[in-house]
Amino acid sequence: MTPVRCAEMLMGSGNVVALTGAGISTAAGIPDFRGPHGLYVTRQYDPETVFDIGAFVADPAPFYEFTRDFLGVVDDLEPTFSHRFLASLEEAGILRCTVTQNIDFLHQRAGSQSVISVHGDYWTSRCLDCNVGLSLDELKLKVDAEPVPRCDSCGGLIKPDVVFFGEAVKGMDRAAAAVAEADMLLVLGSSLTVYPAASLPGLARCPVVVVNRGEVGLQPAPNRFFVDADLDAFLGEVAEIMGP
Ligand code: CNA
């Protein structure tokens, strides 16, 4: 799949769905899980401990160490070219929605309106015991003040509404319906190994274009096109061909 062909397909579509993963945010400075500098390689944080619900309940401290670092930098990071490109496709009426596995709000900050965050985000949190809700600002205050945030009402453990391994994903029905109705699916920066999000391309009845550096867990098939390239570089060429 060349940038020219990809641009032609986008210009001939009016119901594109994008499925994004951690690879769309690496250029913004957020490491992915499985890329060459990902957390599974560097082990700066161990994803299987930090994002596992059983491990979190047993010892929430590693997750909150990650959260303290993550929330401390994420507001200062800029969306990448690829985030902004998707927002512009949405504004142009070409892209219907973005289904993201990311928890970094960069799609929304780039201007995307229609975002399904299947792995949740930090926007809200709740007490695992009494279910009282907290806003992101309230969580940030607690994260700065306490090693492990506890509920003001009952002392229970606070958990952000980020989906952990072992928890149900969010908005999967809407995401599946959007993919099934799409006239083109763009899969950007995902290894397609985390389920159930990785099953979404299998529901597509349209061309699927996968742009990812490195291997992905999706089998070749007619109507599936694989581009092993840097996202900003590839989509930059596509954007140039499409024009303003
Ligand atoms: P993943 O398994 O880490 O895969 C990311 C893929 O992107 C890898 O194959 C990389 O090689 C590839 N990649 C990295 N940078 C680029 C680039 N510039 N251009 C092209 N390809 C690139 O991540 P997935 O999203 O597939 O896995 C799902 C997990 C990762 C979800 O649960 C996410 O919540 C979680 N995650 C999210 C973030 C974030 O919010 N930014 C960061 C790290 C992990």
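Structure first, text after, so check above.
Residues numbered from 1 in each chain as written. Predicted model: local features only at pLDDT ≥ 70, side-chain atom pairs only at ≥ 80, totals over all residues. Heavy atoms only, no water.

What about the site of the ligand?
Stage number 1. Residues in contact with the ligand amount to 26 residues; listed here are only the nearest, F33, R34, Q101, S191 and R213.
Stage number 2. For the ligand, an oxygen atom lies 2.7 Å from a polar atom in the side chain of S190.
Stage number 3. Between L231 and the ligand, the recorded distance is 3.0 Å, taken from a backbone N or O atom to a nitrogen atom.
Stage number 4. Surface burial for the ligand is 94%, taken as the share of its 860 Å² of free accessible area covered by protein chains.
Stage number 5. By residue class, the composition of the shell around the ligand is nine nonpolar, 12 polar and five charged. (Near = heavy atom within 4 Å. Polar contact = N/O pair within 3.5 Å; in protein donor to acceptor, adjacent residues only side chain to side chain. Areas by Shrake-Rupley, 256 points an atom, 1.4 Å probe, with all protein chains shown as cover. Nonpolar A, V, L, I, M, F, W, Y, C, P; charged D, E, K, R; others polar.)

Brief notes about the pattern of salt bridges
Stage number 1. Scanning the entire structure with this criterion turns up eight salt bridges.
Stage number 2. Notably, a salt bridge pairs D161 with R126, separated by 3.0 Å at the nearest N-O pair. With D161 in strand β6 (residues 158-162) and R126 in strand β4 (residues 120-127), the pair connects residues that are 35 residues apart, well separated along the chain.
Stage number 3. Of the residues examined, R126 reaches a relative accessible area of 30% and is grouped as partly exposed.
Stage number 4. Among the charged side chains, a salt-bridge network with shared partners connects K142, E146 and D152. (Salt bridge = Lys/Arg side-chain N within 4 Å of Asp/Glu carboxyl O. Helix = DSSP H or I, 4+ residues; strand = E, 2+ residues; numbered from the N terminus. Buried < 20%, exposed > 50% of the residue type's maximum accessible area, 1.4 Å probe, protein only.)

What about the environment of E215?
Stage number 1. Among the structural elements, E215 can be located in the loop between β8 (208-211) and β9 (224-227).
Stage number 2. Owing to a relative accessible area of 76%, E215 belongs among the exposed residues under this scheme.
Stage number 3. As for E215 and D228, which are separated by 13 residues in sequence, their C-alpha atoms are 8.0 Å apart.

Regarding the packing of aromatic side chains
Stage number 1. In total, this model carries 13 aromatic pairs according to the counting rule given.
Stage number 2. With a centroid separation of 6.1 Å and 50° between ring planes, the pair formed by F56 and Y64 is classed as tilted.
Stage number 3. Judged by its relative accessible area of 1%, F56 falls in the buried class.
Stage number 4. The exposure class assigned to Y64 is buried, which follows from its relative accessible area of 0%.
Stage number 5. Centroid distance F63 to Y122: 6.3 Å. Interplanar angle 15°. Geometry classified as stacked. Here F63 is found in helix α5 (residues 61-74), whereas its partner Y122 is found in strand β4, with 59 residues between them in sequence. (Phe/Tyr/Trp six-rings, centres within 6.5 Å; stacked < 30°, edge-to-face > 60°.)

A look at the sheet that holds β6
Stage number 1. Strand order in the open sheet made by the three strands is β5-β4-β6, with antiparallel pairing throughout. Here the strands that pair on one side only, and so sit at the sheet edges, are β5 (133-135) and β6. Averaged over all pairs of adjacent strands, the angle between their axes in this sheet comes to 35°, without regard to strand direction.
Stage number 2. Here three bridges tie β4 to β5, and the two strands are oriented antiparallel to one another. Paired with R126 across the bridge in β5 is G133.
Stage number 3. Sheet contacts for α5: β4 and β6; angle to β4, the most-contacted strand, approximately 130°. (Pairing = 2+ DSSP bridges. Axes fitted to C-alpha atoms, helices over the stretch in contact; angles between N-to-C directions. Contact = heavy atoms within 4.5 Å.)

Side note on the packing of helix α1 (residues 3-11) against helix α10 (residues 231-242)
Stage number 1. Between α1 and α10, the shortest axis-to-axis distance is 8 Å and the interhelical angle comes to 60°. Classed by the angle they form, the pair α1 and α10 counts as oblique. Classified by chirality, the crossing of α10 by α1 is right-handed. Taking contact as the criterion, the partners of P3, V4, C6, A7, L10 and M11 in α1 are, on α10, F234, E237, V238, I241 and M242.
Stage number 2. Of the residues that constitute the contact of α1 with α10, the class distribution is 10 nonpolar, no polar and one charged. (Parallel < 35°, antiparallel > 145°, perpendicular 65-115°, else oblique. Left-handed = near helix turned anticlockwise from the far one by under 90°.)

Some thoughts on the pairing of β6
Stage number 1. Most of β6 is tucked away, with five of its five residues classed as buried.
Stage number 2. The sheet contact formed by β4 and β6 spans four bridges and is antiparallel. Each bridged residue has a counterpart across the sheet, and for S125 the counterpart in β6 is P160.

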